[in-house]
Amino acid sequence: MIDWTQGRNLSMLADFYEFTMANAYLEKGMGDIITYFDLYFRTVPDESGYAVAAGLEQLVEYIDHLHFSEKDIAYFRSKNMFSEDFLEYLANFEFQCDVWAIPEGTAVFPNEPLITVRGPAVQAQLIETMALICINHQSLIASKASRIVRAAAGRAVMEFGARRAQGADAATLGARAAYIGGVVGTSNTLTDKHYQVPALGTMAHSWVMMFPTEYDAFKAYAEVFPDSVTLLVDTYNTLKEGVPNAIRVFDDVLKPMGKRPVAIRLDSGDIAYLSKQARIMLDEAGYEDCKIVASNSLDEYTIRDVLEQGAKLDSFGVGERLITAKSNPVFGGVYKLVAVEEEGKIIPKIKISENVEKITTPGFKTIYRLYDRKTGKAEADLITLHDEEIDDSKDLEIFHPIHTWKRKTLSNFKARKLHIKVYEQGKRICELPSLEEIVEYQKTEVDSLWEEVTRLDRPHLYIVDLSLKLWEIKDRLLNAR
């Protein structure tokens, strides 16, 4: 696990109200009340059928380094609004919470708690902002990458967006998240150094423009990198100059060495048309094995469309529309209080709103994924109270939590609990998987969904229901108001 904080103390990266509330909790004798908070999201970006969880590793790194320095304490003292008891509490801060999480790479759905935090009110509240930053950002990019990769229909996708990302962390961790979502590599060298996500890239238009002719530029590059020749062929005129010059260099430089070109890259114009014409030219010249790469403001819809138009493309470089999730750049995760403990008893809490989607699901919960044993496909998720056990040897009736007449009976199914416990009383109790393990897990997760759930447009709504016990608690609290 790489420490992305790189020595930075991020404990102060929090909304100011987290500190004012924490101070007030202590002043009112409420600092040690045991609370339960859920981090979840309400809707899937891009009206997609699923999302991909990511960012847990960075949240763990943040929690592992959580402390307040003398300069931090001095800052709070300078505000003239925080008590000395609170400042002393921060100076001696020791994380004591329990944390449960859904593993990175898991296919997830709205209103499912991706993270559950149990602990003293002050501490559980203080990690809110960083928890949301870590999970919101990377889950957003991983989810977008998964859609783009599926649209590519087995063709490789590379993340090329570092220059358009909103800052260094967004570029580096965004590339990590895109890798979780299924891309094969990144243009970001730092992500390769830190996370071993393969760094990929060859040349820019500036390389071609530095030479007297396009042929000279291609020839020089092939002479320096004969084993990895990918040429950018659209600086001047793709079909009249770019592709013919590339073929000349393949003949003049690579053939005498007994080497073969890797690819040409198209970065502008009508990608579908140009790729078809370029394929003909390359094949006629004897370079049937030379691949064609497309870039140029691509997303899942553009990729799907050009492939439907018969584009002869082998891979894609996707930039700004991936690294910024341009079409829907907010994941929308929230962090809500769902229960407190009184004398060892869990008391569920609910937030009620006129906006139905903002009504919270109370209580200390866990999630089961229910799979059909014959097909191996995920049929539904069931959110239950934390101590409920699902007996998958018996039929199970589930029902829609709002439209309760919508019911389904599952037979011959297998139940899998999604949450893992990461911290117990502030001590990390599990080893996180490697990035490669997360990537492989993500593939199996998305493959376990029906194609109707993963299609780009108007996907089938995946079932996420509440157990009867949990539904009864929520219904009781709603009707008590």
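Everything below is about the structure shown above.
Now for a quick tour of the structure.

Thresholds applied
Residues numbered from 1 in each chain as written. Predicted model: local features only at pLDDT ≥ 70, side-chain atom pairs only at ≥ 80, totals over all residues. Heavy atoms only, no water. Helix = DSSP H or I, 4+ residues; strand = E, 2+ residues; numbered from the N terminus. Contact = heavy atoms within 4.5 Å. Areas by Shrake-Rupley, 256 points an atom, 1.4 Å probe, with all protein chains shown as cover. Pairing = 2+ DSSP bridges. Axes fitted to C-alpha atoms, helices over the stretch in contact; angles between N-to-C directions. Salt bridge = Lys/Arg side-chain N within 4 Å of Asp/Glu carboxyl O. Buried < 20%, exposed > 50% of the residue type's maximum accessible area, 1.4 Å probe, protein only. Polar contact = N/O pair within 3.5 Å; in protein donor to acceptor, adjacent residues only side chain to side chain. Phe/Tyr/Trp six-rings, centres within 6.5 Å; stacked < 30°, edge-to-face > 60°. Lys NZ or Arg CZ within 6 Å of the ring centre and 35° of its normal.

Brief notes about the overall build of the protein
Looking only at helices and strands, the protein has 17 helices and 21 strands in total. Taking the intrachain contacts of the protein between residues at least 6 apart in sequence as the baseline, contacts between residues at least 24 apart amount to 73%. Carbon together with sulfur atoms contributes 51% to the accessible area of the protein, which is approximately 22,100 Å² in total.

A word on the sheet that holds strand E18 (residues 413-417)
Across the sheet, which stays open at both edges, the four strands sit in the order E18-E14-E15-E21 with mixed pairing between neighbours. Either end of the sheet is taken by a strand with one partner, and the two such strands are E18 and strand E21 (464-466). Neighbour-to-neighbour, the strand axes of this sheet turn through a mean angle of 30°, independent of strand direction. Bridge count for strand E14 (residues 365-372) against strand E15 (residues 378-385) is seven bridges, and the pairing is antiparallel. Along E15, the bridge assignment pairs Lys365 with Leu385. Taken strand by strand, helix H17 (residues 468-479) contacts E14, E15 and E21, and its axis lies near 55° from that of E15.

Some words on the sheet that holds strand E10 (residues 291-294)
Pairing in this open sheet of six strands is parallel, and the strands run E7-E6-E11-E10-E9-E8 from one edge to the other. The sheet is open, and its two edges are formed by strand E7 (185-186) and strand E8 (230-232), each paired on a single side. As paired strands, E10 and strand E11 (residues 315-318) are joined by two bridges and run parallel to one another. Counterpart to Ala294 in the pairing with E11 is Phe316. The strands touched by helix H11 (residues 238-257) within the sheet are E8 and strand E9 (263-266), with E9 carrying the most contacts at an inclination of about 160°.

Topic: the pattern of salt bridges
As enumerated under the stated definition, the model contains 32 salt bridges in all. We note a salt bridge from Lys365 to Asp38, for which the minimum N-O separation is 2.5 Å. Residue Lys365 is found in strand E14, and its partner Asp38 is found in strand E1 (residues 34-41); the two are separated by 327 residues along the sequence. A residue is classified by how much of its surface remains accessible, and Lys365, at 3% relative accessible area, is buried. Ionic pairing is found between Arg176 and Glu104, a salt bridge with its closest N-O pair at 2.9 Å. Here Arg176 is found in helix H7 (residues 168-181), whereas its partner Glu104 is found in the loop between strand E3 (98-101) and strand E4 (107-108), with 72 residues between them in sequence. Note on Arg176: relative accessible area 1%, which makes it buried.

A short note on the side chain of Glu214
Mapped onto the fold, Glu214 is located in helix H10 (residues 214-224). A polar side-chain atom of Glu214 sits 2.9 Å from a polar atom in the side chain of Asn245. When near neighbours in sequence (up to four residues on either side) are disregarded, Glu214 contacts Val208, Leu232, Val233, Thr235, Tyr236, Glu241, Gly242 and Asn245.

A closer look at the packing of aromatic side chains
Enumeration according to the criterion identifies 20 aromatic pairs in this entry. Between the aromatic rings of Phe76 and Phe82, the centroid separation amounts to 5.1 Å while the plane-to-plane angle is 75°, which identifies the pairing as edge-to-face. Judged by its relative accessible area of 10%, Phe82 falls in the buried class. Residues Phe250 and Tyr287 carry aromatic rings whose centres are separated by 5.2 Å and whose planes lie at 65° to one another, so their mutual orientation is edge-to-face. Residue Phe250 is found in helix H11, and its partner Tyr287 is found in the loop between helix H12 (271-284) and E10; the two are separated by 37 residues along the sequence. The class of Phe250 is buried, set by a relative accessible area of 0%. Look at Tyr287 and you get buried, because its relative accessible area is 1%. An aromatic cluster of three or more residues is present, and its members are Phe16, Phe19, Phe68, Tyr75, Phe76, Phe82, Phe86, Tyr89 and Phe93. Between Lys377 and the ring centre of Trp450, over which it is positioned, the NZ or CZ distance is 6.0 Å. Sitting above the plane of the Tyr371 ring, Lys414 keeps its charged end 5.7 Å from the centroid.

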